[in-house]
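# Fold and geometry: a report
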Amino acid sequence: MLSSTGDDRIRLVAMAISLGVSVGLLAAKFQAFRLTGSTAILSDALESIVNVVAAGFAIAALLFAHRPADRNHPYGHGKMEFLSAAFEGGLIAFAAVLIIYEVVRGLVDGVTLRSLDVGIVVVLGAGLVNLALGFFLLRTGRRYDSLTLVADGRHVLSDFYTSAGIVVGLLLVSATGTTWLDPLVALVVALNLMWTGVRLIRQASAGLLDEEDTALLDRLLAVL
């Protein structure tokens, strides 16, 4: 069972908020994709699927990570949070691969766009919501020392940057009528997601393998 400390409850509430918001934004983005046929908006929606799955997995990780030590786990279950962060990083990288596939298909088959004004409004609104959510998760994760919340916050913020780039791209498409810019924007999104996923996996691996934290050691030495 989860420990009864207030900090644990706050972590779980934060992740529950993240899950609920992610589900709502996922529905909005897929509706925007159906209306517009935009590969760029589809890439944003695919990332939102990752948000939903990762948030659900993170809640399970938080429930497990803060269980007290037992005979089989004498040092506790805290490293479950590193596993959660690595899982989220892997999902982000996988979403990038799916987006690249859609980009190639869009460039080969061509793209037919429609109702871009509606799509721009939806993506912009979703991006602003993710901006607020991302900062909330980062602040909460750092305050309550939760790598899971920090990882999810960084992922959500990357979703905001994704949405911002997509809005700029769609505005250019709308202004110029150059439809091939749409899959090009999606490709930029995919490369950014790949970088974010690799960074998360790297950070989680360092924790799982007990990598030396040079910055922390330097601070301790300065204090001593």
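Residues numbered from 1 in each chain as written. Predicted model: local features only at pLDDT ≥ 70, side-chain atom pairs only at ≥ 80, totals over all residues. Heavy atoms only, no water.

## Some details on the confidence of the model for the protein chain
For the protein chain, mean pLDDT is 80; residues scoring 70 or higher make up 84% of the total. The spread of mean pLDDT over the elements of the protein chain runs between helix H7 (residues 214-223), the lowest at 70, and helix H4 (residues 116-143), the highest at 92. (pLDDT = per-residue confidence, 0-100. Helix = DSSP H or I, 4+ residues; strand = E, 2+ residues; numbered from the N terminus.)

## What to know about helix H5 (residues 147-176)
If you check H5, its first and last C-alpha atoms are 43 Å apart, about what 30 residues at 1.5 Å a residue would give, namely 44 Å. Within two residues after H5, Gly177 carries a phi angle of roughly 75 degrees, on the positive side. (Expected span 1.5 Å × (residues − 1).)

## Some thoughts on the packing of H4 against H5
It is the contact of H4 with H5, at a shortest axis distance of 7 Å, that shows an interaxial angle of 160 degrees. For the element pair H4 / H5, the angle class is roughly antiparallel. Of the two possible hands of crossing, H4 and H5 adopt the one that is left-handed. The class makeup of the residues in the contact of H4 with H5 is 20 nonpolar, eight polar and four charged. (Axes fitted to C-alpha atoms, helices over the stretch in contact; angles between N-to-C directions. Parallel < 35°, antiparallel > 145°, perpendicular 65-115°, else oblique. Left-handed = near helix turned anticlockwise from the far one by under 90°. Nonpolar A, V, L, I, M, F, W, Y, C, P; charged D, E, K, R; others polar.)

## Examining the nonpolar core
Formed by 33 residues in total, the largest nonpolar core has its most connected members in Ile41, Ile99, Ile166, Leu170 and Leu193. Elements that contribute at least two residues to this core include exactly helix H2 (39-65), helix H3 (80-109), H4, H5 and helix H6 (181-208). In terms of residues, this core owes the most to one element, H6, which gives eight residues. Leaving out residues up to four positions away in the same chain, Ile41 has contacts with Lys29, Ala32, Phe33, Thr36, Gly119, Val123, Ile166 and Leu170. Residues Ala14, Ala58, Leu62 and Leu149 belong to the second largest nonpolar core, which totals 11 residues. (Core = buried A, V, L, I, M, F, W, Y, C linked by side-chain atoms within 4.5 Å. Buried < 20%, exposed > 50% of the residue type's maximum accessible area, 1.4 Å probe, protein only. Contact = heavy atoms within 4.5 Å.)

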